[in-house]
Amino acid sequence: MDDRVRSAIGGALGRPVASARPLGGGCIGEVYAVSLEGGGAAVAKVDGGTSPRLDVEAYMLRYLREHSELPVPAVLHGSPGLLVMEFVPGDSQFNARSEVHAAELLSGLHGIRGARHGLERATLIGGLRQPNPETGSWIAFFREHRLLYMAREAHSAGIMPARTLGCIQRFAADLDRYLEEPEYPALLHGDVWTTNVLASDGRITGFLDPAVYYGHPEIELAFITLFNTFGSAFFEAYDGLRGIQAGFFEVRRDIYNLYPLLVHTRLFGAGYLGGVERTLSRLGYIS
């Protein structure tokens, strides 16, 4: 950590930085565990790019703390180039007890009702803009502001061929055949994958790096399956608490996972297009 960053963190917290060590994880900027003079610890994210947006991550963390009981780190400072958070102990090694606890926490989060799908402002997912125009229909929101939006972003970046974009557009026109409207728009973390969750001694200690909005809880559950964040203990507990509707694992999970696959395509390249095209092929929209 250079002296300019060290000084900025110390100034934001009103206490000098004694030491700092880099941490892994996060798509935006550099992440450090910071020890403060006189005791205490924090985590700092630093983005020295030309268009830093760490203030958006600060907004999302604060939103979850203010509107839910989900454990997220307190924001100590949030500006475009610097985010300083409470240090949360734990790691991303889960057992059956921590998976059950995660199910309890996320089922509680999904019990929080919004007036419409979306959010009061755009957010971020993996550093990419995530539009959230408040929308009455979940299917319309998912079609326009998740599936088609990110497919067009990948195409505009030169990653997705026009043929695949056309297949996604044809499929999106038929979404009413596959998806159902939820009972209400539920508050979602939006990015529950392994390194965004911390646990210790069989309990979840923190959810990190959210991509917050209101939507269908099934898209959250689908994301969890994509990279195997949690296993059977989580899904059995969640099903007992909120219920998982028939057809989710068989069909809708893969449809909802088109969105994170498109996000990864836009972020990391065409290697993720195979997953998109396999789902389209299975549903009969690509050959």
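Cut-offs and rules
- Position numbers for residues count from 1 along each chain, tracking the sequence in the order it is written.
- Local features are withheld for residues below a pLDDT of 70 in this predicted model, meaning they are given only at 70 or higher, and side-chain atom pairs are given and counted only at 80 or more; totals for whole chains, interfaces and linings count all residues.
- Side-chain metrics in this entry use all non-hydrogen atoms of the structure; hydrogen atoms and water are not considered.
- Runs of E in the DSSP output that reach at least two residues are strands. Runs of H or I that reach at least four are helices, and both are numbered from the N terminus.
- Values of the radius of gyration come from C-alpha atoms, whereas the globule rule sets the reference at 2.2 Å times the count of residues to the power 0.38.
- Throughout this description, buried means an accessible area under 20% of the type-specific maximum (1.4 Å probe, protein chains only), exposed means over 50%, and partly exposed covers the range between.
- By the convention used here, residues are in contact when the closest approach between their heavy atoms is within 4.5 Å.
- The method behind every accessible area is Shrake-Rupley, applied with a 1.4 Å probe, and residues are considered shielded solely by the protein chains displayed.
- Only four residue types enter the charge count: Lys and Arg as positive, Asp and Glu as negative, with His and the chain ends excluded.
- In plain terms, the charge of a residue is placed at NZ if it is Lys, CZ if Arg, CG if Asp and CD if Glu.
- In the analysis that follows, any N or O atom pair within 3.5 Å is treated as a polar contact, provided that within protein one partner can donate a hydrogen and the other can accept it, and provided that, for residues neighboring in sequence, both atoms belong to side chains.
- The rule for pairing is simple: two strands pair if DSSP sees at least two bridges between them.
- Only C-alpha atoms enter the line fits that serve as axes; for helices the fit covers just the stretch in contact. Angles between N-to-C directions range over 0 to 180 degrees.
- Here the word oblique covers every angle except those under 35 degrees (roughly parallel), over 145 (roughly antiparallel) and from 65 to 115 (roughly perpendicular).
- By the definition used in this description, the sense in which the near helix is turned from the far one sets the handedness, with an anticlockwise turn below a right angle giving left-handed and a clockwise turn giving right-handed.
- When residues are sorted by character, Ala, Val, Leu, Ile, Met, Phe, Trp, Tyr, Cys and Pro go into the nonpolar class, Asp, Glu, Lys and Arg into the charged class, and all the rest, Gly among them, into the polar class.
- By this rule the span expected of a helix is its residue count minus one, scaled by 1.5 Å.
- Think of a nonpolar core as a cluster: buried Ala, Val, Leu, Ile, Met, Phe, Trp, Tyr and Cys residues, connected wherever their side-chain atoms sit within 4.5 Å.

Some thoughts on the overall build of the chain
Each helix and strand in the chain was counted, giving ten helices and eleven strands. Over its C-alpha trace the chain gives a radius of gyration of 19 Å, about what one expects of a compact globule, namely 19 Å for 287 residues. Expressed as a percentage of the 287 residues in the chain, the buried residues total 53%. Intrachain contacts of the chain at a sequence separation of at least 6 include 65% that bridge at least 24 residues. About 12,400 Å² of surface is accessible on the chain, with carbon and sulfur atoms providing 47% of the total. A distance of 4 Å separates the average location of the 26 positive side-chain charges in the chain from that of its 32 negative side-chain charges.

Re the side chain of Ser92
Residue placement: Ser92 occurs in the loop between strand 5 (82–86) and helix 3 (96–109). At a separation of 3.0 Å, a polar atom in the side chain of Ser92 contacts the main-chain carbonyl oxygen of Thr194. Within the structure, Ser92 has its side chain in polar contact with the backbone oxygen of Val197 (distance 2.9 Å). Aside from chain neighbours lying at most four places away, what touches Ser92 is Thr194, Thr195, Val197 and Leu198.

So, the sheet that holds strand 2 (residues 30–36)
Within a sheet, adjacent strands bond to each other through the backbone by hydrogen bonds, running parallel or antiparallel. Reading across the sheet, the five strands line up as 1-2-3-5-4 and stay open at both edges, with antiparallel pairing between neighbours. Two strands bound the open sheet, and with one partner strand each, they are strand 1 (17–23) and strand 4 (75–79). Across this sheet, the average inter-strand angle for adjacent strands is 25 degrees, counted without regard to direction.

Side note on the packing of helix 6 (residues 217–226) against helix 7 (residues 232–241)
The N-to-C vectors of helix 6 and helix 7 enclose an angle of 165 degrees; their axes lie 11 Å apart at closest approach. Judged on the interaxial angle alone, helix 7 and helix 6 are roughly antiparallel. Once helix 6 is placed against helix 7, the crossing between them reads as left-handed. Between helix 6, through Pro217, Leu221, Ile224 and Thr225, and helix 7, the contact on the second element is made entirely by Phe234, Phe235 and Tyr238. Of the residues assigned to the contact of helix 6 with helix 7, the class counts are six nonpolar, one polar and no charged.

A few points about the pairing of strand 10 (residues 203–207)
Taken together, the four bridges between strand 9 (residues 197–200) and strand 10 define a ladder with antiparallel strand orientation. Paired with Val197 across the two strands is Phe207, which belongs to strand 10. Linking strand 9 back to strand 10 in an antiparallel pair, the connection comprises two residues, with Asp201 at a positive phi of about 55 degrees.

Overview of helix 3
In this model helix 3 runs 20 Å from its N-terminal to its C-terminal C-alpha over 14 residues, within 8% of the 20 Å that 1.5 Å per residue would give. Along helix 3, the positions that sit buried rather than exposed are Ser98, Glu99, His101, Ala102, Ala103, Leu105, Leu106, Ser107 and Leu109. Here the buried face of helix 3 lies against helix 2 (54–67), strand 8 (186–188), strand 9, strand 10, helix 6 and helix 7. Sitting at the amino-terminal end of helix 3 is Asn95, which places a side-chain oxygen 3.1 Å from the backbone nitrogen of Arg97.

Comments concerning the nonpolar core
In this structure, Phe142, Leu147, Ile168, Phe171, Phe207 and Phe234 are the most contacted members of the largest nonpolar core, which totals 79 residues. When residues of this core are assigned to their parent elements, the largest contribution, ten residues, is made by helix 4 (residues 138–156). If we skip the residues at most four places from it in the chain, Phe234 touches Glu99, Ala102, Ala103, Leu106, Leu221 and Ile224.

Brief notes about the pairing of strand 2
The element strand 2 is extensively covered by neighbouring structure, given that five of its seven residues are classed as buried. In terms of strand pairing, strand 1 meets strand 2 through six bridges, oriented antiparallel. Opposite Pro22, over in strand 2, you have Tyr32 as the bridge partner. As judged from the six bridges shared by strand 2 and strand 3 (residues 41–46), these two strands associate in the antiparallel manner. Residue pairing across strands places Ser35 opposite Ala41, the latter belonging to strand 3. Where strand 2 hands over to strand 3, the hairpin turn is made up of four residues, of which Gly38 adopts a positive phi near 90 degrees.

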